[in-house]
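Below, each chain spelled out in residue letters.
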Amino acid sequence: MARNTQVAADHNAPPITQILAKFVATHPSKGWSDAVDHEAHRTFMNWLGCAVGAAHHEAADAALASVTMLQPAAQASVLGRSERVDMASAALVNGITSHTFDFDDTHLKTIIHPAGPVASAVLAMAEHLGNSGREVIDALVIGIDVSCRVGNAMYPDHYDRGWHITGSTGTLGAAAACARLLKLDVAQTAMALGIAASQPIGMREQFGTMTKPFHPGGAARAGLMSALLAKSGFTASPKALEAPRGMMQTISTKNDWNEITYELGERFEISFNSYKPFACGIVIHPSIDACAQLRDIFAREGVALEQVERIELKVHSLVLELTGNKEPADGLQAKFSVYHGCAAGLTFGRAAEDEFSDQVVNRADMVALRRKVVATVDDSIDEASVDVTAVLNNGRRVHVFVEHAIGSLQNPMTDANLEAKFHGLSDAVLGAAKTAELVKACWAIGDAADVRTLTALARP
C-alpha cells in the first residue's frame, strides 16, 4: 500500500552531478594560483603527520587486525607502520589514523575535516598506480573542492540533523579525487560520484568513540571503490546528487545549489582550510587559547592554580552541544570536553595529544580543575570565540576574550608551526631524522615523479 508522504523537494535543481563531473575530469592540472597550491602542500603535510602520529593507537591496531583477516594484497602503505595492505584497506586505516587524535585540518565554514577522506584515498591509490606527486596534489585540490562545496550547500541543516559531515561529503570528495587519478572521462566520473552518493557515512552520536575516526576512513575506502567501480562500467543515476530523492535532498532540507556552482574552477575551498594547534574538537580551541593566556598571566604575576576558585566560561550553544562532557573518562571523551580543554590550557599551556592521554585526563588535579569550570551559553558570542574570566579566591577577576584562536584563518599556523607539529607527532614513530626527510618530501611532493619515494619514508 502506497504511503501518503509529502516531500518538500526541488524538482528544478541544476544538474549538479554532471557539473561536478565535468569539473573533476577536465579542469587543467595546477589550474589555480601558487597560493592555492601551497595550501594543498600544507594540507597534505598536516594530514600525513596526523596519520603517522596515530599509527600505533589502539584504534589503528584494531582496524589493521580487521583488514588483514581479508588477506589483502600488499598494494599500499599503512603510514607510520611496516605493514602494507590493499589500497582500499590502506585508505580505510590511514583515514582512521589521520582523524584519531582529532588533530587534522578543518574547513571552518562547514566543520568538515577535508583531507582525511580525500588524501587517504588518493595516496593509497597513487602509491599502487605509481602516480606523480603533481597528480596527487591535483586530485587533492579537486576532491576537497567537491566535498566542501557540497558541504557548503547543505550546512548547517545536514550537520544539525546528526550527520558527521566529514564522512558524508568526504565520500564524494574521495570518489572525485580517485576518478581524477584514474583519468576517468566525464561520464565515468559522474558514475563515480553517483555510486558514492549512495554511501554517505557517519553520525555525530559516535563522537568520543573509535567510530568517529572510522568515518573519514570509511569515506576514503567508499570513495576509492566508487571510482574503481565506475572505471569498470558500474552505473549509477546521472542525477544522484541533486534529484528529489538523491543524496543531497534526502539528507538535508537546505540545498543551496549556488554554493556548488558559483566560481567553480575559479575559487578553491582548500584556500579556506585551517590546521589545529590543539588535538581536540575545533570549538574547544578558543577556550584552550584563552586559558593558556590566563596561565601566562598567572605565571607573570605569581598566581598559583590553587588560588583559582572558578573559571567562568561564556560560549556559543554549539560548544556545549558538541563538547559539554563534564566528566570525561578517557582521552577520546576528553577531546569533546571543553572543561578538560580549559584545564589543559591552564595547566600546560597547550593541548597536544599527550594532554589527552587517559592518564592525564584522570589525574586528580585535572579532575579538580575541570570541576571549577562553569560554562554558560551566550549566543551573542560567535562559535569561534570565547569569553573567559578566572575568579581568584581573593575575589580578583582576570578576564580574557578570544575572538579568533590560533589556528583560525585570521590567526593561522605558520609553515614553521606545521613542521613543529609534524615533528611532535612523527618523531616518536619514525625518528627525528627520518621525520625531517619526510617533511622535506611533503613540501616537494608536487614535483615528485613517483609518490612511492614519499610513502617509503613514511614507513619505519
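Each chain carries its own residue numbering, running from 1 in the direction its sequence is written. pLDDT decides what is reported in this predicted model: residues at 70 or higher carry local features, side-chain atom pairs at 80 or more are listed and counted, and totals for whole chains, interfaces and linings draw on all residues regardless. Excluding hydrogens and water, the side-chain figures rest on all heavy atoms present in the structure.

Draft legend 1. Geometry of the nonpolar core. Counting 152 residues, the largest nonpolar core has L20, F44, L48, L294, F298 and L313 as the members making the most contacts within it. A helix here means a DSSP run of H or I that spans at least four residues, while a strand means a run of E at least two residues long, and both kinds are numbered starting from the N terminus. Broken down by element, this core gets its largest block of residues, 12 residues, from helix α6 (residues 133-154). We call a set of buried Ala, Val, Leu, Ile, Met, Phe, Trp, Tyr and Cys residues a nonpolar core when their side-chain atoms join them within 4.5 Å. Using a 1.4 Å probe on the protein chains alone, a residue whose accessible area is under 20% of its type maximum counts as buried, one over 50% counts as exposed, and one in between counts as partly exposed.

Draft legend 2. Representation of the packing of aromatic side chains. Each Phe, Tyr or Trp ring, with Trp reduced to its six-membered ring, pairs with another whose centre is within 6.5 Å; inter-plane angles below 30 degrees give stacked pairs, above 60 give edge-to-face pairs, and intermediate values give tilted ones. Scanning the model with the defined rule gives four aromatic pairs in all. On the basis of an interplanar angle of 45° and a centroid distance of 5.9 Å, the ring pair of Y155 and Y159 is categorised as tilted. You'll find Y155 and Y159 in the same group, each marked buried. We call a charge positioned above a ring when the Lys NZ or Arg CZ atom is no farther than 6 Å from the ring centre and deviates by at most 35 degrees from the ring normal. A cation over an aromatic ring shows up here: K212 above the ring of F207, its NZ or CZ 4.8 Å from the ring centre. Directly above the ring of F103 sits K421, whose terminal nitrogen or CZ lies 4.2 Å from the centroid.

Draft legend 3. Fine view of the pattern of salt bridges. Salt-bridge detection follows one rule: a side-chain nitrogen of Lys or Arg within 4 Å of a carboxyl oxygen of Asp or Glu. The final tally for this structure, using the stated rule, is 27 salt bridges. Notably, a salt bridge pairs E39 with R42, separated by 2.9 Å at the nearest N-O pair. With E39 and R42 both in helix α2 (residues 34-53), this residue pair falls three residues apart, about one helical turn. Classification of R42 by relative accessible area gives buried; the value is 7%. Of the charged contacts in the structure, one is a salt bridge between R267 and E269, with a shortest N-O distance of 2.9 Å. By the burial criterion, R267 is buried, and E269 matches it. Here the salt bridges share partners, and the residues they tie into one network are E309, R310, E312 and R397.

Draft legend 4. Local environment of the environment of Y339. Of note, Y339 is situated in helix α16 (residues 338-348). For the pair Y339 and E327, spaced 12 residues apart in sequence, the C-alpha to C-alpha distance is 8.3 Å. Dropping the residues within four chain positions of it, Y339 is found in contact with L320, G324, N325, K326, R370, V373 and A375. The contact criterion used throughout is that any non-hydrogen atoms of two residues lie within 4.5 Å.

Draft legend 5. Up close: the packing of α2 against α6. Viewed as axis vectors pointing N to C, α2 and α6 meet at an angle of 95°, and their least axial separation amounts to 10 Å. The angle between α2 and α6 places the two elements in the roughly perpendicular class. Where α2 abuts α6, its residues V36, D37, A40, H41, T43 and F44 lie against R134, V136, I137, L140, V141 and I144. Of the residues contributing to the contact of α2 with α6, the split by class is eight nonpolar, two polar and two charged. Only the stretch in contact is used when a helix axis is fitted, and all axes are lines through C-alpha atoms; the angle between N-to-C directions ranges over 0 to 180 degrees. Here roughly perpendicular refers to angles of 65 to 115 degrees, roughly parallel to angles under 35, roughly antiparallel to angles over 145, and oblique to all remaining angles. Gly falls in the polar group here, along with every residue not listed as nonpolar (Ala, Val, Leu, Ile, Met, Phe, Trp, Tyr, Cys, Pro) or charged (Asp, Glu, Lys, Arg).

Draft legend 6. Main features of the side chain of D86. Locating D86 in the fold gives a position in the loop between β2 (84-85) and α4 (87-100). Buried within the structure, D86 lacks any salt-bridge partner; its nearest side chain of opposite charge belongs to R221, at an N-O separation of 7.7 Å. Of the polar contacts made by the side chain of D86, one reaches the backbone nitrogen of A88; its length is 3.1 Å. Those residues in contact with D86 that sit more than four places away from it in its chain are P72, A73 and Q75. The charged-residue count follows a simple rule in which Lys and Arg add positive charge and Asp and Glu add negative charge, with His and chain termini not counted at all. A 3.5 Å cut-off defines polar contacts: any pair of N or O atoms within that distance qualifies, except that in protein one atom must be a possible hydrogen donor and the other a possible acceptor, and neighbouring residues in sequence count only when both atoms are side-chain atoms.

Fair warning: the whole summary comes from geometry, so function is off the table for now.
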